[in-house]
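An overview of the molecular structure
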Amino acid sequence: MTVVTRFAPSPTGHLHIGGARTALFSWLYARRQGGRFILRVEDTDRERSTDEYVQAILEGMAWLGLEHDDGPYYQTQRFDRYRQIIERMLAEGTAYRCYCSRERLDALRAEQMVAKEKPRYDGLCRDRQDPPPEGVSPVVRFRNPTDGQVVFEDLVRGPIAFDNAELDDLIIARSDGTPTYNFTVVVDDADMGVTHVIRGDDHINNTPRQINLLRAISVTPPAYAHVPMILGADGQRLSKRHGAVSVLQYRDDGYLPEALLNYLVRLGWSHGDQEIFSRQEMIDLFDLAAVHRAPSTFNPDKLLWLNQHYLKTEDPGYVAGHLQPHLAALGVDPDAGPDLAEVVRALRERSKTLVEMAEGARFFFAEHVAYDEKAVAKHLGEEGRRALGAAQAALTDLTEWTIEAIHGVIETVAASGGWKMGQVAQPLRVAVSGTAVSPPIDQTLQLLGRTVSLARIEAALRHGQS
Ligand code: GLU
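The rules behind each value
- Residues numbered from 1 in each chain as written.
- Predicted model: local features only at pLDDT ≥ 70, side-chain atom pairs only at ≥ 80, totals over all residues.
- Heavy atoms only, no water.
- UniProt positions renumbered as here; feature names shortened; annotations may be inferred.
- Core = buried A, V, L, I, M, F, W, Y, C linked by side-chain atoms within 4.5 Å.
- Buried < 20%, exposed > 50% of the residue type's maximum accessible area, 1.4 Å probe, protein only.
- Helix = DSSP H or I, 4+ residues; strand = E, 2+ residues; numbered from the N terminus.
- Contact = heavy atoms within 4.5 Å.
- Near = heavy atom within 4 Å.
- Polar contact = N/O pair within 3.5 Å; in protein donor to acceptor, adjacent residues only side chain to side chain.
- Areas by Shrake-Rupley, 256 points an atom, 1.4 Å probe, with all protein chains shown as cover.
- Nonpolar A, V, L, I, M, F, W, Y, C, P; charged D, E, K, R; others polar.

The name an unreviewed UniProt entry assigns to the chain is Glutamate--tRNA ligase, from the organism Candidatus Macondimonas diazotrophica. Per UniProt, the chain carries the Catalytic activity (unreviewed entry) text "tRNA(Glu) + L-glutamate + ATP = L-glutamyl-tRNA(Glu) + AMP + diphosphate". The record in UniProt for the chain states the following under Subcellular location (unreviewed entry): "Cytoplasm".

This is how it looks when you write it as structure tokens:
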């Protein structure tokens, strides 16, 4: 049997952390089993679904690298198919038209509330023989079995049972003919050959209804795995109150997709005490049986830690590719300066995010240095300028522009002028970067190159001297 999983977001909001984790688990399970992963956009709620959210979801999935094998399918393009199945169910008697008015249903509900019963449809139209009232557009209800149980083996939670007596005769088509949520999911899962439904446990109450519907259309239900929810540090369900929750927001905040994926895979799943997982390791090791039953807590510090880890260890050329949009956002053109991968190498030890890295990279590509006047006051006073002048002379004479040779020059200048290394390095740093923080000064000068370095030193010596 080929495993088929799906991610089925409703485009009524952005791709958030919880959805991305569900998508990742579904994708990993399919990859691990050599199966297929489907992307299906559940856009039947036309009032709340927008194209913008659809695009944001597709963009988020692509950024995470959770590529789908089939789709994206759109439920709004499948209405003919849903109608066909509804007709079939009506003909086979597994569904029936219900003519009950809103007033009748409201009154029924009120009575049931007073009697402290669970509000549910009483089945009046189930076996209706009399001619239906005129001028009423009926809804279509599913004829749910009235006795027995729906039992399924949840791959995360173990066996789960619901009494059919607890389940309502679900409306599967509204009076305008449009299909409803549980019904479209069922038709799609059946048509698309889904073998494993992996989703949030907020859907657990839908599962017995969906199983009954599948049986009614003679389809063997898939296996189900309901993944526990994600909580914020305060124990409440993760939401916007806890900070950024959308995947694209993390991208814009300077996270690498590897960091977010690694963070997400550990959110409710573990493999011994391993924390760092490459994409391939996740695929090789992921197992639904090891998904936790208890909710997991979102920890932004750990995500930041992982981001630093990946900034430091991923190929600098790859990181440079992800840095580009952040530089562009600052109006920086990386073609106008040193090799970006080398700049990444110089900055990666000191950057927690790509946003920080872009800030730190800015001066490498600037036409004119923007001086932090506090740093100028501190390091380019009389003594500082003297040290800078001495460094300028020695660097001008330097023929070989390497890190080692530059380092040697700074050491010699410091020794001959009776300065500490920092007393030469800091004026140089302010001169070339405008601030008192940069990667090691020898590396910085080497990356900037001889011409730019010497021009900046000259400009710094003139700065404020006119
Ligand atoms: N469209 C549903 C949602 O976004 C998911 C349905 C499912 O996974 O079965 O919550």
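Ranked by size, the top nonpolar core spans 96 residues in total, and within it Leu24, Leu395 and Leu428 carry the most contacts. At nine residues, helix α1 (residues 17-32) tops the list of elements feeding residues into this core. Leave out the neighbours within four places in its chain, and Leu24 touches Leu66, Leu261, Leu264, Val265 and Met282. Of all hydrophobic cores here, the second largest spans 32 residues; its members include Val4, Tyr82, Ala95 and Val187.

Arg6, Ala8, Pro9, Ser10, Glu42, Tyr181, Arg199 and His203 make up every residue found near the ligand. Between Arg6 and the ligand, the recorded distance is 2.7 Å, taken from a side-chain N or O atom to an oxygen atom. For the ligand, whose accessible area on its own is 300 Å², the fraction buried by protein is 80%. Considering only residue class, the shell around the ligand consists of three nonpolar, two polar and three charged.

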